[in-house]
Amino acid sequence: MGAGASDLAVEEASSGLGDMPELCAAEVLLRLGAPDICRLAGLNHAFRSAGAADFVWEAKLPENYRYLMGFVDGGEEKGGDPGQKSAVGKKEVYARLAKAVRFDDGKRVRFHSVEYLQQIWWFEVVGEIDFRFPAGTYSLYFRLRLGKPVSKHSGRRVSSGADKKGSIHGWDRKPVRFQLSTSDGQNAVSQRYLDDEPGSWALYHAGDFVASEHGRPVRLKFSMAQIDCTHTKGGLCVDSVLVYPKGFRTEKVVVGV
């Protein structure tokens, strides 16, 4: 009897994570982010096999991932039917989408160099884009900076020279008007004086919109303007237009009224 109890204790002591069924390991991975999944995949065979399973990685992908793959080189999911099985594993899909992707060969990303407006009478920036957003609420921002840029930003060329407040003028005379509209009838209008402290980038909130129908493209039209020609304005850097899920913030946000 003593020997039997001893043998049982040895068997229990020898069991560990390596004996975990693959489906149990997958349930653990479903509750983790991508970096932790990759780290645990090196732990043992069960986590390695579970870490390659399509259903684990598909749970980490956005609803419109098949549409997004159309912007990636070699994306077999391009324009895919939601019911069509892809030859690309979902882990590979995640890896491709995690890299920076340029839209329209880079024509609809950021300027190759930051645009600095030294002096202007009529100021207007307009644009539009068609995109299939996952269902949710989103915010659109203009990324702006008062004053001359003084250093390189994100590897792009910028102007050199001191940041002189004297070069910033006209933005306190009349507010800038921000507008956003969508193809399904949503509209947002706000305005704000550009009178923030010079020298730092900020996201100027143009408006919010709701994407409700899964898979249906939304056309966004956006603009910012100050067209009062009774005075000049200048000393403004214009970088880009950004769309984020509402509430997501990476830097200072300025909201108009």
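J.: Which residues make up the overall build of the chain, and what values do they have?
T.: Each helix and strand in the chain was counted, giving seven helices and nine strands. Of all 257 residues assigned to the chain, the portion counted as buried reaches 36%. A sequence separation of at least 24 residues applies to 75% of the contacts in the chain between residues at least 6 apart. On the chain, roughly 15,100 Å² of surface is accessible, and the fraction owed to carbon and sulfur atoms is 52%.

J.: Describe the sheet that holds strand β3 (residues 136–146), and please don't skip the residues or the numbers.
T.: Strand order in the open sheet formed by five strands is β1-β8-β3-β6-β9, with mixed pairing between adjacent strands. Of all the strands in the sheet, just β1 (115–117) and β9 (253–255) have a single pairing partner and so form its edges. Adjacent strand axes in the sheet meet at a mean angle of 40 degrees when their direction is disregarded. In the sheet, β3 pairs with strand β8 (residues 236–245) via nine bridges, with the strands oriented antiparallel.

J.: Lay out the nonpolar core in plain terms, naming residues and giving numbers.
T.: Counting residues in each nonpolar core, the largest one holds 29 residues, and the members touching the most others are F133, F142, W171, L220 and L236. Contributing elements (two or more residues each) for this core: α6 (65–68), β2 (123–131), β3, β4 (176–182), β6 (202–211), β7 (218–226) and β8. Excluding anything up to four places from it in sequence, L220 contacts G127, E128, I129, F133, L140, L180, S181, T182, F209 and V243. Membership of the second largest hydrophobic core comes to 11 residues, among which are A26, I37, F47 and V56.

J.: Can you explain the pattern of salt bridges? Please cite residues and give values.
T.: All told, the structure shown has nine salt bridges when counted by the stated rule. A salt bridge links D36 to R39, with the shortest nitrogen-to-oxygen separation between them at 2.4 Å. In this pair, D36 and R39 are both assigned in helix α3 (residues 34–40), three residues apart and thus about one turn of the helix distant. Between D239 and R143 there is a salt bridge, with the nearest N and O atoms lying 2.8 Å from each other. Note that D239 is positioned in strand β8 and R143 in strand β3, a separation of 96 residues in sequence. The residues D239 and R143 share a single accessibility class, namely buried. A network of salt bridges, in which partner residues are shared, links E128, D130 and R219.

J.: Please set out a nonpolar patch on the surface residue by residue, giving values where relevant.
T.: A cluster of nonpolar residues, W121, W122 and I227, forms a patch on the protein surface that exposes about 360 Å² of accessible area. Considering the arrangement of structural elements, one finds W122 in the loop between β1 and β2. When its relative accessible area of 49% is taken as the criterion, W122 is described as partly exposed.

J.: So what's going on with the environment of S49? Which residues, and what values?
T.: For S49, the position within the fold is in helix α4 (residues 45–50). Expressed as a C-alpha distance, the spacing of S49 and A26, which sit 23 residues apart in the sequence, is 8.6 Å.

J.: I'd like to hear about the pairing of β8, residue by residue, with values.
T.: Judged by how many residues are buried, β8 sits mostly within the fold: seven of 10 residues are covered. Alignment of β1 against β8, held across three bridges, turns out to be antiparallel. What sits directly across from Y116, in β8, is C237.

J.: Explain the packing of aromatic side chains residue by residue, including any values.
T.: Counted according to the given criterion, the structure contains 12 aromatic pairs. Ring geometry for F123 against W171: centres 5.2 Å apart, planes inclined by 80 degrees, an arrangement best described as edge-to-face. Here F123 is found in strand β2, whereas its partner W171 is found in the loop between β3 and β4, with 48 residues between them in sequence. The pair formed by F123 and W171 is uniform in burial state, with each residue classed as buried. Taken together, a centroid distance of 5.0 Å and an interplanar angle of 50 degrees make the contact between F133 and Y138 tilted. Given a relative accessible area of 9%, F133 falls into the buried group. Residue class for Y138 comes out buried when judged on its relative accessible area of 9%.

J.: So what's going on with helix α2 (residues 22–29)? Which residues, and what values?
T.: When we look at burial in α2, the residues that qualify are A25, A26 and L29. Viewed along the axis of α2, the buried residues span an arc of 100 degrees, placing them on a single side of the element. Summarising the contacts, the buried residues of α2 are in contact with α3, α4 and α5 (54–58).

Reading the values: rules and limits
- Residues numbered from 1 in each chain as written.
- Predicted model: local features only at pLDDT ≥ 70, side-chain atom pairs only at ≥ 80, totals over all residues.
- Heavy atoms only, no water.
- Helix = DSSP H or I, 4+ residues; strand = E, 2+ residues; numbered from the N terminus.
- Buried < 20%, exposed > 50% of the residue type's maximum accessible area, 1.4 Å probe, protein only.
- Contact = heavy atoms within 4.5 Å.
- Areas by Shrake-Rupley, 256 points an atom, 1.4 Å probe, with all protein chains shown as cover.
- Pairing = 2+ DSSP bridges.
- Axes fitted to C-alpha atoms, helices over the stretch in contact; angles between N-to-C directions.
- Core = buried A, V, L, I, M, F, W, Y, C linked by side-chain atoms within 4.5 Å.
- Salt bridge = Lys/Arg side-chain N within 4 Å of Asp/Glu carboxyl O.
- Patch = residues over 30% accessible without salt bridge, like charges linked within 9 Å, V, L, I, M, F, W, Y side chains within 5 Å.
- Phe/Tyr/Trp six-rings, centres within 6.5 Å; stacked < 30°, edge-to-face > 60°.
- Arc of directions from axis to C-beta.

In short, shape yes, function no, at least from these values alone.
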